[in-house]
Amino acid sequence: MPPLSILLKPASSGCNLRCAYCFYADEASIRTVPNYGLMPREVGHALIEKAVGAAEGSITFLFQGGEPTLAGLDFYRDFVSHVKETAPGGLAVQYAIQTNGTLLDGDWCRFFQENRFLVGLSLDGNRVCHDRFRRDGTGKGTYDRVIKAARLLEETGVEYNVLTVVTGHLAKHIQSVFSTLCKGGFRFQQYIPCLDPLEETRGGQGYSLSPEQYESFLKTLFDLWYRELQQGRYWSIRYFDNLVWMLDGHAPEQCSMRGYCGLQYLVEADGSVYPCDFYGLDQYRLGNILSNSWAELDRGREELGFVEMSLRVPEECKNCQWYPLCRNGCRRDRTVEEDRPGRNYYCRAYAGFFAYALPRLRQAQSMLRSR
Ligand code: SF4
Ligand code: SF4
């Protein structure tokens, strides 16, 4: 068994915000139980005991939601203390949490700092883009609250990065988004394209991102990033970092760039396990951490053919010069054509971007190597 990566939903799909593009709210709304409530401690304990028994070398617990801080700080204190009691000496344990930041205070930040949590803070760049879609239950924007959380994380010495969801609107404003993030000192940035609802045709939402918009976004962001790099300023952008890493002959660390689905475990608050955050759906349930062994959960994934499905490469990709870098992207963005695996919805964005950026990506590779 390789190092394990486990994604937990301690507050299930529950959230104090109502972001328009939330993919997990969409997934939850079409399964039998949309919200499993708060994770009982015994579920957390059963997960820890089985996971540390199955892991070799290292294990990462990544808490996500909904909004995972809704589970309360005592849940996390108990979780970490049970890991300390249970994990064998040679096992490296890492923690990460993805949060909207609005509930963070000094106690939370001290806890993250003391236990070396890597915090992902959801921040859509500047006020206009952020407040357009990331609102609370009363319809109010949350930008000021998230910026306050970022400053608190910094003051407390917590390691964190920002996660920006790329909507069609944000794509048009990427210059202002990137410059606002840089001025704010956000050194570690991650941009992920938004998802349309599962049961709807792509492109029909107010926030939807078209392949054309994504292509233009990638090119513009790359120009800005590269110019900064030339002037001696390096901003970590996860997608570009991974591409440079791949040009160096390494495997990408980001699951969606590997070309096939990785061995992920998404554990819902009741202990139900699914193969990926994007597939927390009834038909993909692998079992339950309370009643199934780790081997049985893995067998559930094999029976579904979850990884195998992602290994099928469309003819167009087989013949595409960009396949070594693109690998047809994340399975969730792939199209299906009459039961044949199809190309990624963003195919034209990737092809256009690679043709545009490859020579400078190679330059970036040598600049970064010499740093
Ligand atoms: S759907 Fe995407 S993120 Fe999920 S396991 Fe597959 S490639 Fe990775
Ligand atoms: S650019 Fe398009 S055809 Fe080429 S590998 Fe990517 S998805 Fe496939």
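Everything numeric here is computed off the predicted structure, so don't read it as measured data. (Residues numbered from 1 in each chain as written. Chains lettered and ligands numbered in written order. Predicted model: local features only at pLDDT ≥ 70, side-chain atom pairs only at ≥ 80, totals over all residues. Heavy atoms only, no water.)

### Side note on the pattern of salt bridges
- With the rule as written, the count across this model stands at 21 salt bridges.
- For Arg348, the salt bridge is made with Glu212, and the minimal N-O distance between the two is 3.4 Å. Here Arg348 is found in helix α15 (residues 347–370), whereas its partner Glu212 is found in helix α9 (residues 211–230), with 136 residues between them in sequence.
- Under the relative-accessibility criterion, Arg348 is labelled partly exposed at 44%.
- Here Glu215 and Lys219 are joined by a salt bridge, their closest N and O atoms 2.9 Å apart. With Glu215 and Lys219 both in helix α9 and four residues apart, this pair spans about one turn of that helix.
- Judged by its relative accessible area of 22%, Lys219 falls in the partly exposed class.
- Beyond isolated ion pairs, a larger network of salt bridges with shared partners links Glu212, Glu215, Lys219 and Arg348. (Salt bridge = Lys/Arg side-chain N within 4 Å of Asp/Glu carboxyl O. Helix = DSSP H or I, 4+ residues; strand = E, 2+ residues; numbered from the N terminus. Buried < 20%, exposed > 50% of the residue type's maximum accessible area, 1.4 Å probe, protein only.)

### Quick word on a nonpolar patch on the surface
- Taken together, Leu38, Leu70 and Leu103 make up a surface patch of nonpolar side chains, about 240 Å² in accessible area.
- Secondary-structure assignment places Leu103 in the loop between β3 (92–99) and α4 (106–114).
- Exposure remark for Leu103: the relative accessible area of 35% places this residue in the partly exposed category. (Patch = residues over 30% accessible without salt bridge, like charges linked within 9 Å, V, L, I, M, F, W, Y side chains within 5 Å. Areas by Shrake-Rupley, 256 points an atom, 1.4 Å probe, with all protein chains shown as cover.)

### Here's the deal with the sheet that holds strand β4 (residues 117–122)
- If you trace the 10 strands from one edge of the open sheet to the other, you get β7-β6-β5-β4-β3-β2-β1-β8-β9-β10, paired in mixed fashion. In this open sheet, the two edge strands, each paired with only one partner strand, are β7 (236–237) and β10 (287–288).
- One ladder, built from three bridges, connects strand β1 (residues 4–8) with strand β8 (residues 265–267); its direction is parallel. When the sheet's bridge partners are listed, Leu7 is paired in β8 with Leu266.
- Each of β4 and β5 (159–166) touches helix α6 (residues 143–156); the most contacted strand, β4, lies at about 160 degrees to it. (Pairing = 2+ DSSP bridges. Contact = heavy atoms within 4.5 Å. Axes fitted to C-alpha atoms, helices over the stretch in contact; angles between N-to-C directions.)

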